[in-house]
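Residues per chain are reported as follows:
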Amino acid sequence: AQSVTQPDIHITVSEGASLELRCNYSYGATPYLFWYVQSPGQGLQLLLKYFSGDTLVQGIKGFEAEFKRSQSSFNLRKPSVHWSDAAEYFCAVGARNNQGGKLIFGQGTELSVKP
Amino acid sequence: KAGVTQTPRYLIKTRGQQVTLSCSPISGHRSVSWYQQTPGQGLQFLFEYFSETQRNKGNFPGRFSGRQFSNSRSEMNVSTLELGDSALYLCASSLGLREEQYFGPGTRLTVT
């Protein structure tokens, strides 16, 4: 079955520190992978996506993620966190067959930023 | 280019009533998907429409239905509301099937 696991429910980092949010997926073929961010009371904003090719993908707001097939992982990273990065982050896998554009989300990681 | 819009943003209904939520996709996007977000279950896929046809459906009861119009706008309907239907309902649009999805701000439904 397709699934996404985000092991960390809540992470706190200091402003200016580096960040890595973990994501592991279970999928039978090469997946489409996404990271979204959600601020309180808001919808989801797409940070970055992986479809194929280079396994290190760059996104908006200085985020990047690396696809590692051997580890079934797609971890999100940022070298220096800003207070405005505090939000909830969701990793998602997209079906790549005739099921269309269904996204399966992880449970989310809430990021807090200490001044 | 305008983003995905959803109306209304907030809604309070009583158990047993029905509700209709509306979604206007990004101009040129032909696929619309709906998701339910709750603290307990997280983000769950409801259904997807492309060219006015439902292409994919999640594991929700038949009380949840939707449709898509020729201009790609979509509506979802929930009949006989239950307390557990209280959630944030998110609409997402994409150019086509299996493309990245862009989300609207959501409709917050509260069932009392």
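Refer to the preceding data block for the structure.
In this report, we go over the structure that sits alongside the text. (Residues numbered from 1 in each chain as written. Chains lettered and ligands numbered in written order. Predicted model: local features only at pLDDT ≥ 70, side-chain atom pairs only at ≥ 80, totals over all residues. Heavy atoms only, no water.)

What to know about the packing of aromatic side chains
Given two aromatic rings, their pairing is described by the distance between the two centres and the angle made by the two planes. All names here are of chain A. Short version of the rule: Only rings of Phe, Tyr and Trp enter the pairing, Trp through its six-membered ring, and a pair is recorded when the two centres are within 6.5 Å. The plane angle decides the type: under 30 degrees is stacked, over 60 is edge-to-face, the rest tilted. For helices the rule is a DSSP run of H or I covering at least 4 residues; for strands it is a run of E covering at least 2, with both sets numbered from the N terminus onward. Throughout, exposure labels follow a simple rule: accessible area from a 1.4 Å probe, protein chains only, divided by the maximum for the residue type, with under 20% read as buried, over 50% as exposed, and the rest as partly exposed.
Counted by the stated rule, this structure contains 16 aromatic pairs over all chains. Pairing Tyr 32 with Phe 51 gives two aromatic rings, centres 4.1 Å apart and planes at 25°, and the pair type is stacked. Of the two residues, Tyr 32 sits in strand E5 (residues 32-38) while Phe 51 sits in the loop between strand E6 (44-50) and strand E7 (56-58), which places them 19 residues apart along the sequence. Geometrically, the ring pair formed by Tyr 50 and Phe 74 is tilted, given 6.5 Å between the ring centres and 50° between the ring planes. With Tyr 50 in strand E6 and Phe 74 in strand E9 (residues 73-78), this pair connects stretches of sequence that are 24 residues apart. As far as burial versus exposure is concerned, Tyr 50 and Phe 74 are alike and both buried.

Things to note about the layout of surface pockets
We apply this condition: Within this scheme a cavity is a closed region of a 1 Å grid, computed over the protein atoms alone, that accommodates a 1.4 Å probe without allowing it to escape, whereas a pocket is open but has protein on both sides within 12 Å along at least five of seven lines; lining residues each have an atom within 4 Å of a point. Grid points are joined across faces, edges and corners, and a volume is the space filled by probe spheres set on the points.
Of the volumes computed, that of the largest pocket is approximately 390 Å³. What lines the largest pocket is a set of 17 residues, and nearest its centre among them are Gln 38, Glu 88 and Phe 90 of chain A together with Gln 37 and Pro 39 of chain B. For the lining of the largest pocket, the elements supplying multiple residues, two or more each, are strand E10 (87-94) of chain A together with strand E4 (31-38) and strand E5 (42-50) of chain B. Per-element accounting of the lining of the largest pocket gives the leading share, three residues, to E10 of chain A.

So, the state of the cysteines
All names here are of chain A. What counts is decided by this rule: Counting rule for disulfides: a pair of cysteine sulfur atoms within 2.5 Å.
All told, the structure shown has two disulfides over all chains when counted by the stated rule. Covalently, Cys 23 is tied to Cys 91 through a disulfide, its sulfur atoms 1.9 Å apart. Taking the sign of the S-S torsion, about -65° here, the bridge from Cys 23 to Cys 91 comes out left-handed. On the criterion of sequence distance, the pair formed by Cys 23 in the loop between strand E3 (19-21) and strand E4 (24-26) and Cys 91 in strand E10 is long-range, its members being 68 residues apart. Using a relative accessible area of 0% as the deciding quantity, one classes Cys 91 as buried.

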